[in-house]
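Notes for the structure review
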Amino acid sequence: MERAGLGDVVELVRGVRGLVPVTGAGVADGFAARGWTPGGRLRDGFESSWDKGGVRGWVHLHGGGVRVELTVWMRDVDEDTGYFGDLEAVYRDGEEVLADVVAGLAASPLSVDLVAAGGRDRDADDFVACRRWSLGERALLAGVVQEDTDLPVRVVVVWEEER
């Protein structure tokens, strides 16, 4: 399965994880410093939408902290019908890509600091499938998501406050 720039994702997370305090503007500066292209979506005083090498990224305030979500793979709905032809097949494709992403993270420079963490009930509600790690006081997740029946299925890497 083809997945976009996991190396760019790892570089970004490594670059912003040392921010104290972690702010949306600080993370946005981290995207810019690493050559990501802003998407022109200012929110809460900082650029919230980014793109690099096929990876789409968003920074937003979430639960009193900052959440960074990076889409490394996406399968969109059929343009003619507005539906997936075989949703289970799309989930299987997403889970194959997720396995590649998990293996890539395990082989990356982040791996020395990743501590496997069990999923939470909320993760089961938010993800079709997911892996969670602690990364210091933050969490790193990789998962397959589908927010709604008429939206794409995506594989994402999320860096957020550990709760």
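Residues numbered from 1 in each chain as written. Predicted model: local features only at pLDDT ≥ 70, side-chain atom pairs only at ≥ 80, totals over all residues. Heavy atoms only, no water.

This paragraph deals with the environment of glycine 24. In this fold, glycine 24 is placed in helix H2 (residues 24-33). Leave out the neighbours within four places in its chain, and glycine 24 touches Phe46, Val59 and Val66. (Helix = DSSP H or I, 4+ residues; strand = E, 2+ residues; numbered from the N terminus. Contact = heavy atoms within 4.5 Å.)

As a further point, take the layout of surface pockets. The calculated volume of the largest pocket comes to roughly 170 Å³. Every residue lining the largest pocket is counted, 11 residues in all, and those nearest its centre are Arg67, Glu69, Asp126, Val145 and Glu147. Listing elements by their share of the lining of the largest pocket, those giving two or more residues are strand E6 (65-75), helix H4 (121-126) and strand E10 (153-161). (1 Å grid on protein atoms, 1.4 Å probe; cavity = no way out; pocket = protein on both sides within 12 Å on 5 of 7 lines; lining within 4 Å. Points joined across faces, edges and corners; volume = space filled by probe spheres on them.)

Our focus in this paragraph is unusual backbone geometry. Looking along the chain, the bond that leaves valine 20 and enters proline 21 is cis, with omega of -10 degrees. When you line up the elements, proline 21 lands in the loop between helix H1 (6-16) and H2. The phi dihedral of aspartate 44 falls on the positive side, at around 55 degrees, and the residue is not glycine.

A few words now on the nonpolar core. Membership of the largest hydrophobic core comes to 38 residues, with the highest contact counts inside it found for Phe31, Leu70, Val101, Leu105, Leu140 and Trp159. For this core, the secondary structure elements donating two or more residues are H1, H2, strand E5 (55-62), E6, helix H3 (87-106), strand E8 (129-135), strand E9 (138-145) and E10. If near-sequence neighbours (up to four positions away) are discounted, tryptophan 159 is found in contact with Val13, Val16, Arg17, Val22, Val27, Val66, Arg67, Val68, Leu135, Arg138, Ala139 and Leu140. Counting 6 residues, the second-largest nonpolar core is a separate cluster that includes Phe127, Ala139, Val145 and Val158. (Core = buried A, V, L, I, M, F, W, Y, C linked by side-chain atoms within 4.5 Å. Buried < 20%, exposed > 50% of the residue type's maximum accessible area, 1.4 Å probe, protein only.)

Next up on the list: H2. Among the residues of H2, Gly24, Gly26, Val27, Ala28, Gly30 and Phe31 are the ones counted as buried. If you follow the buried residues of H2, they end up packed against H1, strand E3 (46-47), strand E4 (49-52), E5, E6 and E10.

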